[in-house]
Amino acid sequence: MNQLLPVFGPRVPFSKPIQGGLKDGMTITVCGRVLPNADRFHVNLQRNSDVVLHINPRYTWFWISYGYVVHNSCQNGTWDWEENKSETPFPRGQTFTLQIVVTQDSYKISANGKPFSEYKHRMPFQNVDSIFIGGMVELSLVAFQHLAPHHAAPLGSFVSYFKHLHNPTTHNSHK
Ligand code: GAL
């Protein structure tokens, strides 16, 4: 169950294996802050070097300062077609909570507690073996949760998770 333990204050770029792959009902939570001068950052769910889900907030469109969010997948080095949202719940310089819920048909993505987007599966979610986060962002927490009782994380990890939420300046890393 080690792979389900939350990671506090990880350095960016961040990567972590997801042993056993994703499961229906699993939630990935990423808390962080967009750097004030960010051009972009990304959260990738990957299968080896293929990107099964790429969530990519960007802050410029050509020469215009403009926040939007790109969603895409990449197979064998080739990017697929983008699904974009022409708004951003991740403004530069601000803290955010991004949650990705795995469902049978899609990833349901929420930001700061509100539904934001949905990305229908193009590649099997069961094959995802790692998470990568890179770009101009700092992270306070990356956590994994599975709602099925037999997959629940040990109580201790939730206690430290909630303690951390109340004291986000603590930068312990539990790997
Ligand atoms: C490309 C960019 C990649 C990725 C992709 C998404 O232009 O180089 O990093 O964001 O778009 O479609």
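**Student:** Looking at this structure, I do not really get the packing of aromatic side chains. What am I missing?
**Tutor:** Any two aromatic rings considered together are summarised by their centre-to-centre distance and by the angle between their planes. Under the defined criterion, the tally for this structure stands at 7 aromatic pairs. An angle of 25 degrees between the planes, with centres 5.5 Å apart, marks the rings of phenylalanine 41 and phenylalanine 96 as stacked. Taken together, the positions of phenylalanine 41 in strand 4 (residues 41–47) and phenylalanine 96 in strand 9 (residues 95–102) put the pair 55 residues apart, joining distant regions of the chain. Like phenylalanine 96, phenylalanine 41 is buried. Every member of this aromatic cluster is reached through a ring pair, and the members are Phe41, Phe90, Phe96 and Phe116.

**Student:** What exactly am I supposed to notice about the site of the ligand here?
**Tutor:** The ligand sits among Arg40, His54, Asn56, Arg58, Asn72, Trp79 and Glu82. Arginine 58 is positioned such that a nitrogen or oxygen atom in its side chain is 2.9 Å from an oxygen atom of the ligand. Within the complex, the protein chains bury 64% of what would otherwise be the 310 Å² of accessible surface of the ligand. Ranked by the residues each element gives to the shell around the ligand, the list is headed by strand 5 (residues 50–61), at 3 residues. Grouping the amino acids of the shell around the ligand by side-chain chemistry returns 1 nonpolar, 3 polar and 3 charged.

Criteria and thresholds
In every chain, residue numbers begin from 1 and rise along the written sequence. Under the rules for a predicted model, residues below a pLDDT of 70 receive no local features and side-chain atom pairs below 80 are neither given nor counted, while totals for whole chains, interfaces and linings still include all residues. To get the side-chain values, take all heavy atoms of the structure and skip hydrogens and water. To pair, rings of Phe, Tyr and Trp, with the six-membered ring standing in for Trp, must have centres within 6.5 Å; the planes then decide the type, stacked if under 30 degrees apart, edge-to-face if over 60, and tilted in the middle. Numbering of helices and strands runs from the N terminus, with a helix taken as a DSSP run of H or I at least four residues long and a strand as a DSSP run of E at least two residues long. Any residue under 20% of the maximum accessible area for its type is buried, any over 50% is exposed, and the rest in between are partly exposed; the area is computed with a 1.4 Å probe on protein chains only. If a single non-hydrogen atom of a residue is within 4 Å of a molecule or strand, that residue counts as near it. Between N or O atoms, a polar contact is any pair within 3.5 Å; within protein, one atom must be a potential hydrogen donor and the other a potential acceptor, and residues adjacent in sequence are included only when both atoms are from side chains. Note that accessible areas follow from Shrake-Rupley with a 1.4 Å probe, and for residues the cover is restricted to the protein chains shown. Only Asp, Glu, Lys and Arg are considered charged in this grouping, and only Ala, Val, Leu, Ile, Met, Phe, Trp, Tyr, Cys and Pro are considered nonpolar; every other residue, Gly among them, is considered polar.

None of the figures reported here should be taken as evidence of function without further support.
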